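# Residue-level structure breakdown
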Amino acid sequence: MAKIALIGKYPPLEGGISSKTYWLSNALAARGHTIHIITDGIGVDAVHTIPGIDQIPNHPNIFVHRIAESVPWHIPNDQHRVISLLNKLLEVLSREKPDVIASNYLVPYGLAAFMASQITGIPYALGHGGSDIRKFVSNGIWPDLWRTVLGQAKRVMTDKDSRKVTEKLSGHTSCLIPYIPDSTFFHPQNRAKRQRPVLGLIGKANYHWRHKGWHRAIDIWQQMKNSFDFVVISQGVGLTDFRTYVSTRTDTVIIWQDFIPPWEMPGLLNQIDGLFCFEADLPFPMYSNVALEALFCGVSIFVDNKCVTQNYKEHGLGLDRYEQGVLELSDDDSSKAAGQIKSHFASLPAICVQPDPVTHDEYVSNYENAIIA
């Protein structure tokens, strides 16, 4: 079994990368590996921190190490985050002597992993998200740095959409399977048809929340207010702007809720019947954790372009058994889309899907082989 130092986002910081790291690290720990998580301090970003978390239900093989020191004022508007992360990582490496350093995001975590590897000689494996690879690598920000950082990595863990970019800089890339939920946790729990189905929006409200099509979802909700209940689970720098927009577009009663931690997501999803997962306005392809988690829990998802399940098929994953829970809505006609949703729930039996026997184990093994082999 391996000892892994994994540096990156981790709860209570919210977001897709943080959630994936939680589930993946616990799955690896359950396979016998020892995982040392090096991550930010609790208060690093209050607006994107899930409130009320005192303890994280981690596997006993997981140990979390957080930045704790207060950095003195030195250069205006610079908290020296990458240096603090590097220092904490070096502290853990010196004491625990892991076999490999892994990161789940390029900036700042991947940079800290690279520098720590240069200092200690411990090999490092780099992971990335969708935004960081496009903002920094594809856009030519710090090209000489990335040529070295990616080029010297033991492994660059990428995806089908970013493979051409990473392969130009690294001869050691692995194209990984997209995140797949663990059906041990994400499955229908006493799900039955409700008289008033609950429709939801779940996600970070950044400044560009319209890229997620939330404005169009609200117009649809306005058409359906007398026969459905509505919930928004969100935080972020754009949430106030979004709530203001909602107040000008609809008088529908909406339940507003802060983010919840990953381990509570199965329970939440089993209280929701339909989830909006619009993608047509996004600047680049993304794969939503919540969309797959919702399908696994028997929640219907509403899409506005190419079917989510088809996207996964292109990445080598068959999700045909979840097709009945995917509804593609009319692009710009909120009244028609509302009618489609009403008809969907009128004819949809209580969803009780059986978990796909391949996906989650294959997903974990894919990552395990990339960083340990």
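First, a word on what this report is: a plain description of the structure on this page. Please read these numbers as outputs of a predicted model, since none were measured by experiment. (Residues numbered from 1 in each chain as written. Predicted model: local features only at pLDDT ≥ 70, side-chain atom pairs only at ≥ 80, totals over all residues. Heavy atoms only, no water.)

### Looking at the overall build of the chain
Across its full length, the chain holds 13 helices and 13 strands. Radius of gyration (C-alpha) of the chain: 21 Å, near the 21 Å computed for a compact globule of 373 residues. Once the C-alpha set of the chain is aligned to its principal axes, its extents read approximately 60 × 50 × 40 Å. Considering the chain as a whole, with its 373 residues, one finds that 54% of them fall into the buried category. Working note: accessible area of the chain is about 16600 Å², and carbon and sulfur atoms make up 51% of it. (Helix = DSSP H or I, 4+ residues; strand = E, 2+ residues; numbered from the N terminus. Rg over C-alpha atoms; globule rule 2.2 N^0.38 Å. Buried < 20%, exposed > 50% of the residue type's maximum accessible area, 1.4 Å probe, protein only. Areas by Shrake-Rupley, 256 points an atom, 1.4 Å probe, with all protein chains shown as cover.)

### Structural notes on the packing of aromatic side chains
To describe a pair of aromatic rings, you give the distance between the ring centres and the angle between the ring planes. Counting across every chain of the model gives 19 aromatic pairs. Three or more aromatic residues joined by ring pairs form one cluster here, namely Trp221, Phe228, Phe230, Phe276, Phe278, Phe302 and Phe345. The ring of Trp256 is capped by Arg243, whose NZ or CZ atom sits 4.2 Å from the centre of that ring. (Phe/Tyr/Trp six-rings, centres within 6.5 Å; stacked < 30°, edge-to-face > 60°. Lys NZ or Arg CZ within 6 Å of the ring centre and 35° of its normal.)

### Section: the pairing of strand 4 (residues 100-103)
Burial along strand 4 is two-sided: the residues Val100 and Ala102 and Ile101 and Ser103 are all buried. Sheet topology places strand 1 (residues 3-7) next to strand 4; four bridges connect them, and they run parallel. Directly across from Ala5, in strand 4, lies its bridge partner Ile101. Of the strand pairs in this sheet, strand 4 and strand 5 (residues 124-127) are connected by three bridges, and their pairing is parallel. Following the sheet pairing, Ala102 is matched in strand 5 by Ala125. One crossover worth recording links strand 4 to the parallel strand 5 by way of helix 3 (residues 106-120), and it is right-handed. (Pairing = 2+ DSSP bridges. Right-handed = clockwise from strand over helix to strand, strands pointing away.)

### Describing a negative patch on the surface
Together, Glu328, Asp331, Asp332 and Asp333 line one region of the surface with negative charge. Its location among the elements puts Glu328 in strand 13 (residues 326-328). (Patch = residues over 30% accessible without salt bridge, like charges linked within 9 Å, V, L, I, M, F, W, Y side chains within 5 Å. Salt bridge = Lys/Arg side-chain N within 4 Å of Asp/Glu carboxyl O. Lys, Arg positive; Asp, Glu negative; His and termini not counted. Charge placed at Lys NZ, Arg CZ, Asp CG, Glu CD.)

### Focus on the sheet that holds strand 11 (residues 274-276)
Overall, parallel pairing links the six strands, which are arranged 10-9-8-11-12-13 in an open sheet. Of all the strands in the sheet, the pair left with one neighbour each is strand 10 (254-257) and strand 13. Averaged over all pairs of adjacent strands, the angle between their axes in this sheet comes to 25°, without regard to strand direction. Examined bridge by bridge, strand 8 (residues 198-202) and strand 11 share two bridges and lie parallel to one another. Within strand 11, the position partnered with Leu199 by the bridge is Gly274. This element, helix 8 (residues 239-249), spans strand 8, strand 9 (229-233) and strand 10 of the sheet and lies at about 175° to strand 10. (Axes fitted to C-alpha atoms, helices over the stretch in contact; angles between N-to-C directions. Contact = heavy atoms within 4.5 Å.)

### Thoughts on the packing of helix 7 (residues 214-222) against helix 8
At a minimum axis distance of 10 Å, the contact between helix 7 and helix 8 shows a crossing angle of 30°. Taken together, the axes of helix 7 and helix 8 are roughly parallel relative to one another. Crossing geometry of helix 7 relative to helix 8 is assigned as right-handed. Contact residues: helix 7 offers Trp214, His215, Ile218, Asp219 and Gln222, while helix 8 offers Phe242, Tyr245, Val246 and Arg249. Of the residues belonging to the contact of helix 7 with helix 8, the class tally is five nonpolar, two polar and two charged. (Parallel < 35°, antiparallel > 145°, perpendicular 65-115°, else oblique. Left-handed = near helix turned anticlockwise from the far one by under 90°. Nonpolar A, V, L, I, M, F, W, Y, C, P; charged D, E, K, R; others polar.)

### Brief notes about helix 7
Extensive coverage of helix 7 is indicated by the burial of eight of its nine residues. Buried within helix 7 are the following residues: Trp214, His215, Arg216, Ala217, Ile218, Asp219, Ile220 and Trp221. Those residues of helix 7 hidden inside the fold are in contact with strand 8, strand 9, helix 8, strand 10, strand 11 and helix 12 (334-347).

### Observations regarding the nonpolar core
Grouped together as the largest cluster of nonpolar side chains are 56 residues, with contacts concentrated most on Ile202, Leu269, Ile301 and Tyr367. Every residue in contact with Tyr367, bar those within four places of it in the chain, is listed here: Leu6, Leu24, Leu28, Ala102, Met157 and Leu176. By size, the runner-up hydrophobic cluster in this structure holds 30 residues, among which are Ile38, Leu86, Leu126 and Trp146. (Core = buried A, V, L, I, M, F, W, Y, C linked by side-chain atoms within 4.5 Å.)

### Looking at the sheet that holds strand 3 (residues 62-66)
If you walk across this open sheet you meet the seven strands as 3-2-1-4-5-6-7, and the pairing is parallel. Edge positions in the sheet fall to strand 3 and strand 7 (173-175), since each has one partner strand and no second. Taking the axes of each pair of neighbouring strands and ignoring which way they run, one obtains an average angle of 20° across the sheet. One ladder, built from three bridges, connects strand 6 (residues 155-158) with strand 7; its direction is parallel. Opposite Thr158, over in strand 7, you have Cys175 as the bridge partner.

### Focus on the packing of helix 3 against helix 5 (residues 143-151)
Between two packed helices, both the angle of their axes relative to each other and the distance between the axes serve to describe the pair. Packing of helix 3 against helix 5 leaves a shortest axis separation of 10 Å and a crossing angle of 60°. The pairing of helix 3 with helix 5 is recorded here as oblique in orientation. Considering the relative orientation of helix 3 and helix 5, their crossing is left-handed. Seen from helix 3, the contacting residues are Leu106, Val107, Leu111 and Phe114; seen from helix 5, they are Leu145, Trp146, Thr148 and Val149. Grouping the constituent residues of the contact of helix 3 with helix 5 by class yields seven nonpolar, one polar and no charged.

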